Protein chains: 2
Amino acid sequence: MENNKGYHVAVVGATGAVGEQILKMLEVRQFPLASLKVLASARSAGKTVPFKGQDIVIEEATPEAFDGVQIALFSAGGSVSKALAPEAAKRGVICVDNTSAYRMEPNVPLVVPEVNPEAMAEHNGIIANPNCSTIQMVAALQPLREKYGIERIIVSTYQAVSGAGAKAIQELKDQTEAIIRGNEVKKEVLPVGSLPKKHQIAFNAIPQIDVFLENGFTNEEMKMVRETKKIFSDETIAVAATCVRIPVVKGHSESVYVEFKNDYDLAEVRTLLENAPGIVVQDNPEEQEYPLATEASDKLETFVGRLRRDLDNPRGLHMWIVSDNLLKGAAWNAVQIAEELVKRNLITES
Amino acid sequence: MENNKGYHVAVVGATGAVGEQILKMLEVRQFPLASLKVLASARSAGKTVPFKGQDIVIEEATPEAFDGVQIALFSAGGSVSKALAPEAAKRGVICVDNTSAYRMEPNVPLVVPEVNPEAMAEHNGIIANPNCSTIQMVAALQPLREKYGIERIIVSTYQAVSGAGAKAIQELKDQTEAIIRGNEVKKEVLPVGSLPKKHQIAFNAIPQIDVFLENGFTNEEMKMVRETKKIFSDETIAVAATCVRIPVVKGHSESVYVEFKNDYDLAEVRTLLENAPGIVVQDNPEEQEYPLATEASDKLETFVGRLRRDLDNPRGLHMWIVSDNLLKGAAWNAVQIAEELVKRNLITES
């Protein structure tokens with residue numbers, strides 16, 4: 001795909017659940033493309049993916065494939081990013097990496113455009129996209145943090161299976177159907193593909209996402225802890241997370257308790273959130289209105305509701321935050337970073 | 001049903017989801033029955049329910065039906081308990097009430113046998129069974145509270161649809177099947193039967209259980225707050241809850257953060273829980289072992305795992321608590337109270 005105006009973009013890992021959504025976002029957002037390369041493993045090379053009514057042939061992701069590219073959006077797994085993002089960066093490409101490979105590297109900005117777009121300027125060829133569960137939480141907390149300061153966050157998540165990829169979506173569907181038909185339930189993917197033990201996700205809640213670490217938290221939980229501090233540039237914020245997979249296809253929900261440094265006004269909290277970019281307030285108990293995963297699905301925004309003051313700590317606020325984990329939690333945040341790079345004139349001329 | 005030894009027992013509301021389980025518990029636990037009366041509304045009178053291989057004819061629940069009864073287990077809804085429990089009590093019956101009708105009455109003990117069995121002695125004919133989500137939480141916290149004292153609790157729940165009755169179970173099944181078959185999804189029961197708006201529960205998470213109150217919390221959330229304080233006889237404990245319905249049939253899961261008054265030792269926490277009555281510790285991250293709703297289903301115990309110290313507050317502990325909401329959360333706790341009444345010689349001779 002070639003155009004006179006716009007930017008030379010590559011999508012790495014276009015056949016995955018997130019890669020697909022990245023292509024969709026580039027299309028929907030009418031991202032100014034001079035050219036689009038779709039890269040994947042040698043196995044997928046030669047296949048095609050649809051884009052704006054055309055079939056784009058997948059090329060093998062090699063270092064040379066990045067010649068002439070200006071922005072590369074990576075979502076092909078950590079090992080691919082580890083191997084190829086530095087090669088692309090060497091060639092002057094700005095890589096927006098959706099894996100966890102570089103998120104905690106000190107010289108790699110970790111960016112949610114509504115929160116810390118200024119961090120992008122410090123990139124050294126790689127900008128990291130945060131974990132899905134982190135993005136929606138910090139996006140919703142940012143306007144409140146700016147006003148009141150944050151002392152601590154305690155979050156329990158209700159995460160969709162799509163966060164674990166296309167195979168996990170299929171597993172939820174297969175298990176659900178097996179249970180309804182009275183057939184045997186096969187457990188092959190969740191909670192963690194690479195670990196030996198599998199648990200049923202259909203009609204269940206699994207308190208494990210990613211591997212366990214020494215401190216008893218899972219890697220997913222520690223991602224929320226570390227990434228939140230990095231995005232907010234504040235190591236003093238206390239963060240604790242419990243990450244749970246539930247039988248939902250798309251849309252992560254989060255029960256968040258936040259303690260502010262200063263006194264807050266609940267009506268003002270609502271106004272701050274209503275005026276914040278990318279945030280939609282759905283908070284009307286009388287109408288039974290609050291964010292729901294099914295309704296947030298396929299939307300770009302982060303939805304916030306169930307706003308209420310803690311009963312004991314006047315600086316404590318409870319909230320319910322929902323967003324599409326494949327969009328704001330992944331593909332849309334990545335494309336949004338690309339849009340912001342353009343807006344801020346940070347793209348290297350190719 | 002008549003026997004020479006044992007007690008004269010009535011079960012009120014035996015055709016509901018909990019009532020069925022109460023009969024099952026009386027049978028499984030071989031509760032010493034001199035006679036068993038099964039009472040329900042006039043509509044169900046004349047029908048039969050199975051018990052120990054026999055068919056027991058349902059009688060209409062009238063004040064006179066309680067003559068000669070020693071223990072009555074109520075689970076026919078708040079209005080039935082309001083109308084009939086005082087009538088039964090007048091006749092010398094000890095009523096174990098599974099509804100919320102009397103829970104917060106100052107002269108009614110609210111009892112979880114592992115926590116405050118001594119409160120039963122103060123009964124005035126009525127003993128209240130706490131809310132399902134409260135029971136499993138206080139049962140698991142009790143051995144830790146005794147040792148370290150509790151400053152505050154923040155809980156987010158993952159509650160099964162069976163807590164909303166048989167119609168909600170059917171709704172989850174019907175909606176799930178409709179989605180899998182690509183049919184239209186009907187929403188008729190959840191989140192709250194008596195309220196106008198309905199939300200899809202299949203493949204979703206609904207942050208509303210029971211009606212909303214003035215303070216922005218739901219009634220279910222405030223039950224957890226108020227009942228916890230009453231059961232622990234401690235109004236100073238700070239409690240906050242977010243109660244969420246998820247597409248699980250049986251078994252409530254809870255992400256609980258607790259802050260102790262005193263320093264604690266994590267190994268000792270595990271030992272205290274292992275030695276506590278009714279508690280099973282499932283906490284082995286290396287083996288991916290933690291409590292799961294599917295595995296807790298049909299069990300009497302409360303399962304505890306994901307034990308880990310908060311990263312910032314050394315007196316903070318995170319845990320994951322799961323139990324069968326129809327058993328320990330309702331029927332088993334009620335029958336356990338009846339067993340305890342026998343053990344403590346609190347039954348009036350009939």
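Being a predicted model, the structure only gives us computed values, none of them experimental.

**With respect to the packing of aromatic side chains**
Residues and elements named next belong to chain A.
Argument step 1. Evaluated as defined, the whole model comprises 15 aromatic pairs over all chains.
Argument step 2. Taking the centre distance of 5.0 Å and the plane angle of 65° together, the rings of tyrosine 158 and tryptophan 320 count as edge-to-face. Of this pair, tyrosine 158 sits in strand β9 (residues 150–158) while tryptophan 320 sits in strand β14 (residues 316–323); the two residues are 162 residues apart in sequence, bridging distant segments of the chain. Like tryptophan 320, tyrosine 158 is buried.

**Section: the pattern of salt bridges**
Argument step 1. Using the criterion set out here, one finds 39 salt bridges over all chains in the structure.
Argument step 2. Note that glutamate 259 of chain B and arginine 152 of chain A form a salt bridge whose closest N and O atoms lie 2.9 Å from each other. With glutamate 259 of chain B in strand β11 (residues 252–260) and arginine 152 of chain A in strand β9, this residue pair bridges two chains. The burial state of glutamate 259 of chain B is the same as that of arginine 152 of chain A; both residues are buried.

**A short note on the interface of chain A and chain B**
Argument step 1. Residue-level contacts link 66 residues of chain A with 66 residues of chain B.
Argument step 2. In total, about 5200 Å² of surface goes out of reach between chain A and chain B, with carbon and sulfur atoms giving 58% of it.
Argument step 3. Applying the counting criterion to the chain A and chain B interface returns eight salt bridges.
Argument step 4. The shortest N-O distance in the salt bridge between arginine 306 of chain B and glutamate 221 of chain A comes to 2.7 Å.

**Description of the domain arrangement of chain A**
Residues and elements named next belong to chain A.
Argument step 1. Taken as a whole, chain A is organised into domain 1 (7–130 + 330–343) and domain 2 (134–325).
Argument step 2. One C-alpha centre belongs to domain 1, the other to domain 2, and the line joining them spans 25 Å.
Argument step 3. Tallying the contact residues gives 19 residues for domain 1 and 17 residues for domain 2.
Argument step 4. Summing both sides of the interface, domain 1 and domain 2 together bury roughly 1500 Å²; the carbon and sulfur share of this comes to 68%.
Argument step 5. Between glutamate 227 and arginine 103 there is a salt bridge; the shortest N-O distance is 3.1 Å.
Argument step 6. In this structure, the connection of domain 1 to domain 2 is made through five residue pairs in polar contact (both at pLDDT 80 or more).
Argument step 7. Elements with a contribution of two residues or more to the side of domain 1 that touches domain 2: α1 (17–28) and α8 (327–343).
Argument step 8. Within the side of domain 1 that touches domain 2, the residues separate by chemical class into ten nonpolar, four polar and five charged.

**Some words on the side chain of serine 156 of chain B**
Argument step 1. Turning to its location among the elements, serine 156 of chain B is positioned in strand β9 (residues 150–158).
Argument step 2. On the accessibility criterion, serine 156 of chain B (4% relative accessible area) is buried.
Argument step 3. A polar contact is formed between the side chain of serine 156 of chain B and the side chain of serine 255 of chain A, at a distance of 2.7 Å.
Argument step 4. Ignoring sequence-local partners within four residues, the contact set of serine 156 of chain B consists of Ser156, Tyr158 and Ser255 of chain A together with Thr242, Ser253, Glu254 and Ser255 of chain B.

**Some remarks on the sheet that holds β14 of chain A**
Residues and elements named next belong to chain A.
Argument step 1. Taking strand neighbours across the sheet as the criterion, the six strands line up as β10-β9-β11-β14-β13-β12 in an open arrangement whose pairing is mixed. With partners counted over all chains shown, the strands left at the sheet margins are β10 (238–242) and β12 (279–281), one partner each. Strand-to-strand twist of the sheet, defined as the mean angle between neighbouring strand axes without regard to direction, takes the value 25°.
Argument step 2. Relative to β14, strand β11 (residues 252–260) runs antiparallel, the two being bridged by eight bridges. What sits directly across from valine 258, in β14, is leucine 317.
Argument step 3. With respect to the sheet, helix α3 (residues 132–148) is in contact with β9, β11, β12, β13 (302–309) and β14, its orientation differing from that of β11 by roughly 30°.

**A few points about the UniProt feature "binding site: substrate" (unreviewed entry) in chain A**
Residue and element names in this part refer to chain A.
Argument step 1. Residues annotated in UniProt with the feature "binding site: substrate" (unreviewed entry) correspond here to Gln159 and Arg245. For the residues just named, distributed over 87 residues, the greatest C-alpha separation is only 4.7 Å, placing them together at one site.
Argument step 2. Following the sequence through the fold, glutamine 159 ends up in the loop between β9 and α4 (166–181).
Argument step 3. For glutamine 159, a relative accessible area of 1% puts it in the buried group.
Argument step 4. Dropping the residues within four chain positions of it, glutamine 159 is found in contact with Cys132, Ser133, Ile209, Glu220, Cys243, Val244, Arg245, Ile246 and His252.
Argument step 5. Within the fold, arginine 245 resides in the loop between β10 and β11.
Argument step 6. Relative accessible area serves as the criterion here: at 5%, arginine 245 is assigned to the buried category.
Argument step 7. For arginine 245, the contacting residues outside a window of four places in its chain are Gln159, Ala160, Val161, Gly163, Ala164, Leu190, Ile201, Asn204, Ala205, Ile206, Ile209 and His252.
Argument step 8. Within the local environment of arginine 245, its side chain forms a polar contact with the backbone oxygen of alanine 160, the two atoms lying 2.7 Å apart.

**Brief notes about the sheet that holds strand β5 (residues 59–60) of chain A**
Residue and element names in this part refer to chain A.
Argument step 1. Taken together, six strands build an open sheet; the order of strands is β5-β2-β1-β6-β7-β8 and the sheet is parallel. Edge positions in the sheet fall to β5 and β8 (126–128), since each of these pairs with one other strand and no more.
Argument step 2. Where strand β2 (residues 33–40) meets β5, two bridges bridge the pair, whose relative direction is parallel. Opposite leucine 39, over in β5, you have glutamate 59 as the bridge partner.

**Observations regarding the environment of glutamate 188 of chain B**
Residue and element names in this part refer to chain B.
Argument step 1. Within the secondary structure, glutamate 188 sits in the loop between α4 (166–181) and α5 (219–231).
Argument step 2. Assessed through its relative accessible area of 57%, glutamate 188 is described here as exposed.
Argument step 3. For the pair glutamate 188 and glutamate 171, spaced 17 residues apart in sequence, the C-alpha separation works out to 7.6 Å.
Argument step 4. Setting aside anything within four residues of it in sequence, one finds glutamate 188 in contact with Glu171 and Lys198.

**With respect to unusual backbone geometry**
Argument step 1. That bond from leucine 190 of chain A to proline 191 of chain A is cis: its omega, 10°, falls within 30 degrees of zero.
Argument step 2. Even without a glycine there, the phi angle at arginine 306 of chain B is positive, about 55°.
Argument step 3. Looking at the element boundaries, arginine 306 of chain B is found in strand β13 (residues 302–309).
Argument step 4. Judged by relative accessible area, arginine 306 of chain B falls into the buried class, the value being 1%.

**Re the environment of glutamate 221 of chain B**
Argument step 1. The residue glutamate 221 of chain B is located in helix α5 in this model.
Argument step 2. It is 9.4 Å that separates the C-alpha atoms of glutamate 221 of chain B and serine 156 of chain B, two residues lying 65 residues apart in sequence.
Argument step 3. Sequence-distant contacts of glutamate 221 of chain B, defined by excluding residues within four places in its chain, comprise Arg306 and Arg308 of chain A together with Ala241, Thr242 and Cys243 of chain B.
Argument step 4. A polar contact of 2.7 Å, which involves the side chain of glutamate 221 of chain B, links it to the side chain of arginine 306 of chain A.

**Thoughts on the packing of helix α1 (residues 17–28) of chain B against helix α8 (residues 327–343) of chain B**
Residue and element names in this part refer to chain B.
Argument step 1. Between α1 and α8, the least distance of the axes is 9 Å, while the angle of their chain directions is 50°. Classified by the interaxial angle, the pair formed by α1 and α8 is oblique. When you trace α1 past α8, the crossing you get is right-handed. In this structure, α1 uses Val18, Gln21, Ile22, Met25 and Leu26 to contact α8, whose residues at the interface are Leu327, Ala330, Ala331, Trp332 and Val335.
Argument step 2. Tallied by class, the residues present in the contact of α1 with α8 amount to nine nonpolar, one polar and no charged.

**Notes on the relation of the copies chain A and chain B**
Argument step 1. When chain A is brought onto chain B, the operation consists of a screw motion whose angular component is 180° and whose axial shift is 0.0 Å, with 0.0 Å RMSD remaining. Interpreted geometrically, this transformation is the action of a two-fold axis.
Argument step 2. Most of the interface of chain A is mirrored in chain B, where 100% of its interface residues are also at the interface.

Calculation rules
- Residues numbered from 1 in each chain as written.
- Chains lettered and ligands numbered in written order.
- Predicted model: local features only at pLDDT ≥ 70, side-chain atom pairs only at ≥ 80, totals over all residues.
- Heavy atoms only, no water.
- Phe/Tyr/Trp six-rings, centres within 6.5 Å; stacked < 30°, edge-to-face > 60°.
- Helix = DSSP H or I, 4+ residues; strand = E, 2+ residues; numbered from the N terminus.
- Buried < 20%, exposed > 50% of the residue type's maximum accessible area, 1.4 Å probe, protein only.
- Salt bridge = Lys/Arg side-chain N within 4 Å of Asp/Glu carboxyl O.
- Contact = heavy atoms within 4.5 Å.
- Buried area = accessible area lost by both parts, 1.4 Å probe.
- Domains from an automatic or database assignment.
- Polar contact = N/O pair within 3.5 Å; in protein donor to acceptor, adjacent residues only side chain to side chain.
- Nonpolar A, V, L, I, M, F, W, Y, C, P; charged D, E, K, R; others polar.
- Pairing = 2+ DSSP bridges.
- Axes fitted to C-alpha atoms, helices over the stretch in contact; angles between N-to-C directions.
- UniProt positions renumbered as here; feature names shortened; annotations may be inferred.
- Parallel < 35°, antiparallel > 145°, perpendicular 65-115°, else oblique.
- Left-handed = near helix turned anticlockwise from the far one by under 90°.
- Least-squares fit on C-alpha atoms with pLDDT ≥ 70 in both.

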